[in-house]
Amino acid sequence: MFEPHLLLNTEIARSNISRMLTKCKDNNIVYRPHFKTHQSAEIGELYRELGVDCITCSSFKMASYFADNGWRDITVAITVNQHYADDINALASKINLNILVEDVAVINELEAQITSPVGLFIKIDAGYHRTGVDVEDFDQIKKLLGALKLCKNLIFIGFLGHAGNTYDARGKEQIIDIATPAMHQFVALKVFLKDEFPLMQLSWGDTPSCSVLQHFEGIDELRPGNMVFYDYVQSIIGSCELPDIAVCMKVSVIAVHPKRNQVIVHCGAVHLSKDRVELPDGTISYGKVVEIDGNSWDINKDVGEVIALSQEHGTIRVGDDLIHSIKPGDTLAILPVHSCLTVNLMKEMYTNSGQKITCMR
């Protein structure tokens, strides 16, 4: 039985990890990769083999999974409230746990419930405008720090930022133009508070800026996650090139419609998600399609773009030169728009050699 399945080129992934680790070492900063992209203890071992010993997760469930697999220094990078107290206590009793807050009342309520020391980052809005205290709102930052001074188990570590607005960039120069001033504002917090908190740390993370920028003066750690696999949108943003993408969906052709230059494959929203990207010509793509031979895809053999998704079906737009050479039963490779969501949906992947790799979900 053939089902769409996710393929992983482990050598590309290992190269992506090694490149980011080298950059961190060159800048004398900590590499704390986000594990939400792969969600796999087995992929985590690729990092550990290269010397990584601290990680980032997107939920307490994920943090517990990786704690059970031997990771002892974890930041849960989502703003918390008092409803997470039991989760925090369970993890903090056995690992070095860091959490995020951005509200004074939450600090006070958590301090009354937390039973073990927990590292605490104040979440800063570095321009993405999703969560976090505005980087220039010094009054609110001072209020948060004032509340933390009274805490015994919530230990202020520093500030954490995520320049998610770099995902709006198209090209390396735009990434630099977005990230550089945001990072300068972020680092200014350390200058502003260095006398009062000389040991404070700055944690920075988003794949585009971490991939493109070369210097991170004032930053103490980087937390990129998507860069382990990258994906089609990252190549369009300018974070990577197509050869850096370490995953693809292997799919089967189930119908060919030459009159409308379309190929239908068994691979839909339940496999790829419905994340999409606007291409330079203004059209929408749900994935780049290339040829595949066995379990090895070839980014130099372009087939077309996934232009529509239903639950189980994907529609690929193919040019006149190729449409008559494709037939039902052929296999193709789709470079996903968003590898994090694709992994989350597929729950497992296979290496080029056929080894099955499981994920936490």
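In case you missed it, the structure is sitting above this.
Report follows, based on the coordinates. The residue numbers shown here count from 1 along each chain, following its written sequence. This being a predicted model, a pLDDT of at least 70 is required before a residue's local features are given, and a value of 80 or more before pairs of side-chain atoms are given or counted; all residues contribute to the totals for chains, interfaces and linings. Side-chain numbers here rest on the full set of heavy atoms in the structure, without hydrogens or water.

### Overview of the overall build of the chain
Turning to step 1, where the next piece is worked out: Check the secondary structure of the chain and you find twelve helices and 20 strands.
Turning to step 2, where the next piece is worked out: Note that the radius of gyration is over C-alpha atoms, with the globule rule given as 2.2 Å times the number of residues to the power 0.38. Its C-alpha atoms give the chain a radius of gyration of 22 Å, near enough to 21 Å, the size a compact globule of 361 residues would have.
Turning to step 3, where the next piece is worked out: With the C-alpha coordinates aligned to their principal axes, the bounding extent of the chain is approximately 70 × 40 × 35 Å.
Turning to step 4, where the next piece is worked out: Long-range contacts, defined as pairs at least 24 residues apart, comprise 66% of the intrachain contacts of the chain with a sequence gap of at least 6.
Turning to step 5, where the next piece is worked out: Carbon and sulfur atoms make up 49% of the accessible area of the chain, which amounts to about 15,400 Å² in all.
Turning to step 6, where the next piece is worked out: Computing the positive centroid from 33 side-chain charges and the negative centroid from 45, the chain places the two 3 Å apart. Each helix is a run of H or I in the DSSP string that is no shorter than four residues. Each strand is a run of E no shorter than two, and both are numbered from the N terminus. In what follows, a contact means two residues having at least one pair of non-hydrogen atoms within 4.5 Å. Working definition of accessibility: Shrake-Rupley area with a 1.4 Å probe, residue cover restricted to the visible protein chains. Charge assignment in this entry is limited to Lys and Arg as positive and Asp and Glu as negative, and neither His nor the chain termini are counted. For the purpose of locating charges, the reference atoms are NZ of Lys, CZ of Arg, CG of Asp and CD of Glu.

### Description of the packing of helix α3 (residues 60–68) against helix α4 (residues 85–92)
Turning to step 1, where the next piece is worked out: The contact between α3 and α4 brings their axes to 11 Å, and the two run at 15°. By the criterion of interaxial angle, the relationship of α3 to α4 is roughly parallel. The two elements α3 and α4 cross, and the hand of that crossing is left-handed. Residues Phe60, Ala63, Ser64 and Ala67 of α3 form the contact with α4, whose own contacting residues are Asp87, Ile88 and Leu91.
Turning to step 2, where the next piece is worked out: When residues are grouped by polarity, Ala, Val, Leu, Ile, Met, Phe, Trp, Tyr, Cys and Pro land in nonpolar, Asp, Glu, Lys and Arg in charged, and all others, Gly among them, in polar. Here the contact of α3 with α4 is composed, by residue class, of five nonpolar, one polar and one charged. Helix axes are fitted to C-alpha atoms over the stretch in contact, other axes to C-alpha atoms as well, and angles between N-to-C directions run from 0 to 180 degrees. For classification purposes, an angle smaller than 35 degrees is called roughly parallel, one larger than 145 roughly antiparallel, one from 65 to 115 roughly perpendicular, and anything else oblique. By definition, any crossing whose near helix is turned counterclockwise from its far helix by less than a right angle is left-handed, and any crossing with a clockwise turn is right-handed.

### Things to note about the packing of helix α6 (residues 138–149) against helix α7 (residues 172–193)
Turning to step 1, where the next piece is worked out: The contact between α6 and α7 brings their axes to 13 Å, and the two run at 60°. The orientation of α6 with respect to α7, classified from their angle, is oblique. Both α6 and α7 take part in a crossing whose hand is right-handed. Across the interface between the two elements, Phe138, Ile141, Lys142 and Leu145 of α6 pack against Leu189, Phe192 and Leu193 of α7.

### Examining the side chain of histidine 162
Turning to step 1, where the next piece is worked out: Looking at the element boundaries, histidine 162 is found in the loop between β8 (154–161) and α7.
Turning to step 2, where the next piece is worked out: A distance of 2.4 Å separates a polar side-chain atom of histidine 162 from the backbone oxygen of glycine 205.
Turning to step 3, where the next piece is worked out: Histidine 162 has contacts with Ile124, Ala126, Tyr128, Arg130, Gly205, Asp206 and Arg223, leaving out every residue within four places of it along the chain. The term polar contact refers here to a pair of N or O atoms within 3.5 Å; inside protein, the definition further demands a hydrogen-donor-capable atom paired with an acceptor-capable atom, and it admits residues adjacent in sequence only when both atoms are side-chain atoms.

### Some words on unusual backbone geometry
Turning to step 1, where the next piece is worked out: Although it is not a glycine, tyrosine 230 sits at a positive phi angle of roughly 55°.
Turning to step 2, where the next piece is worked out: Locating tyrosine 230 in the fold gives a position in the loop between β10 (221–222) and α9 (232–237).

### Examining the layout of surface pockets
Turning to step 1, where the next piece is worked out: Grid points spaced at 1 Å over the protein atoms alone were grouped into cavities, where a 1.4 Å probe fits but cannot get out, and pockets, open sets with protein on both sides within 12 Å along at least five of seven lines, with lining residues defined by an atom within 4 Å of a point. Grid points are joined across faces, edges and corners, and a volume is the space filled by probe spheres set on the points. Put simply, the largest pocket is a space of about 890 Å³.
Turning to step 2, where the next piece is worked out: What lines the largest pocket is a set of 39 residues, and nearest its centre among them are Lys36, Arg130, His162, Tyr167 and His338.
Turning to step 3, where the next piece is worked out: Of all the secondary structure elements, the ones that give two or more residues to the lining of the largest pocket are β4 (73–79), α9, β13 (277–278) and α12 (339–346).
Turning to step 4, where the next piece is worked out: Taken together, the residues of the lining of the largest pocket break down into 13 nonpolar, 14 polar and twelve charged.

### Some remarks on the environment of lysine 172
Turning to step 1, where the next piece is worked out: Mapped onto the elements, lysine 172 comes out in helix α7.
Turning to step 2, where the next piece is worked out: Placed 68 residues apart in sequence, lysine 172 and cysteine 240 show a C-alpha to C-alpha distance of 9.3 Å.
Turning to step 3, where the next piece is worked out: Not counting chain neighbours up to four residues away, the residues in contact with lysine 172 comprise Val212, Ile237, Gly238 and Glu241.
Turning to step 4, where the next piece is worked out: Side-chain polar atoms of lysine 172 contact the backbone oxygen of glycine 238, separated by 3.3 Å.

### Some words on the packing of aromatic side chains
Turning to step 1, where the next piece is worked out: Any Phe, Tyr or Trp ring, taking Trp's six-membered ring, that has another such ring centre within 6.5 Å forms a pair; planes under 30 degrees apart are called stacked, those over 60 apart edge-to-face, and the others tilted. One pass over the structure, following the stated rule, counts ten aromatic pairs.
Turning to step 2, where the next piece is worked out: Ring geometry for phenylalanine 35 versus tyrosine 47: centroids 4.8 Å apart, planes at 45°, classification tilted. With phenylalanine 35 in the loop between β2 (30–31) and α2 (41–49) and tyrosine 47 in helix α2, this residue pair connects regions lying twelve residues apart in the sequence. Accessibility classification places phenylalanine 35 together with tyrosine 47 in one group, the buried group.
Turning to step 3, where the next piece is worked out: Ring centres of phenylalanine 186 and tryptophan 204 lie 5.5 Å apart, and the angle between their planes is 50°; on these two criteria the pair is classed as tilted. Throughout, exposure labels follow a simple rule: accessible area from a 1.4 Å probe, protein chains only, divided by the maximum for the residue type, with under 20% read as buried, over 50% as exposed, and the rest as partly exposed.

### Side note on a negative patch on the surface
Turning to step 1, where the next piece is worked out: Patches here: salt-bridge-free residues with over 30% relative accessible area, like charges joined within 9 Å, nonpolar side chains (Val, Leu, Ile, Met, Phe, Trp, Tyr) joined within 5 Å. Salt bridge, as used here: a side-chain nitrogen of Lys or Arg that lies within 4 Å of a carboxyl oxygen of Asp or Glu. A contiguous patch of negative charge on the surface is contributed by Asp134, Glu136, Asp137 and Asp139.
Turning to step 2, where the next piece is worked out: Note that glutamate 136 resides in the loop between β7 (133–134) and α6.

### A closer look at α2
Turning to step 1, where the next piece is worked out: Of all the residues in α2, the buried ones are Ala41, Ile43, Gly44, Leu46 and Tyr47.
Turning to step 2, where the next piece is worked out: Next to the buried residues of α2 lie β1 (5–8), α1 (10–26), β2, α3 and β20 (356–358).
Turning to step 3, where the next piece is worked out: You can read the cap of α2 off the contacts: a side-chain oxygen lies 3.2 Å from the backbone nitrogen of glutamate 42, and it is on serine 40.
Turning to step 4, where the next piece is worked out: With its phi angle positive at about 105°, glycine 51 sits one or two positions after the end of α2.

### Observations regarding the pattern of salt bridges
Turning to step 1, where the next piece is worked out: Counted according to the given criterion, the structure contains 14 salt bridges.
Turning to step 2, where the next piece is worked out: A salt bridge links lysine 149 to glutamate 196; its shortest N-O distance comes to 2.2 Å. Of this pair, lysine 149 sits in helix α6 while glutamate 196 sits in the loop between α7 and β9 (201–204), placing them 47 residues apart in sequence.
Turning to step 3, where the next piece is worked out: Salt-bridge contacts for lysine 327 lead to aspartate 330; the nearest nitrogen and oxygen are separated by 3.2 Å.

### Let's talk about the side chain of asparagine 98
Turning to step 1, where the next piece is worked out: Tracing the chain through its elements places asparagine 98 in strand β5 (residues 96–101).
Turning to step 2, where the next piece is worked out: Taking relative accessible area as the criterion, asparagine 98 reaches 3% and is therefore assigned buried.
Turning to step 3, where the next piece is worked out: In this structure the side chain of asparagine 98 is engaged in a polar contact, spanning 3.0 Å, whose partner is the side chain of threonine 75.
Turning to step 4, where the next piece is worked out: If we ignore the near neighbours within four places in the chain, the residues touching asparagine 98 are Arg32, Asp73, Ile74, Thr75, Val76, Gly119, Phe121 and Ile157.

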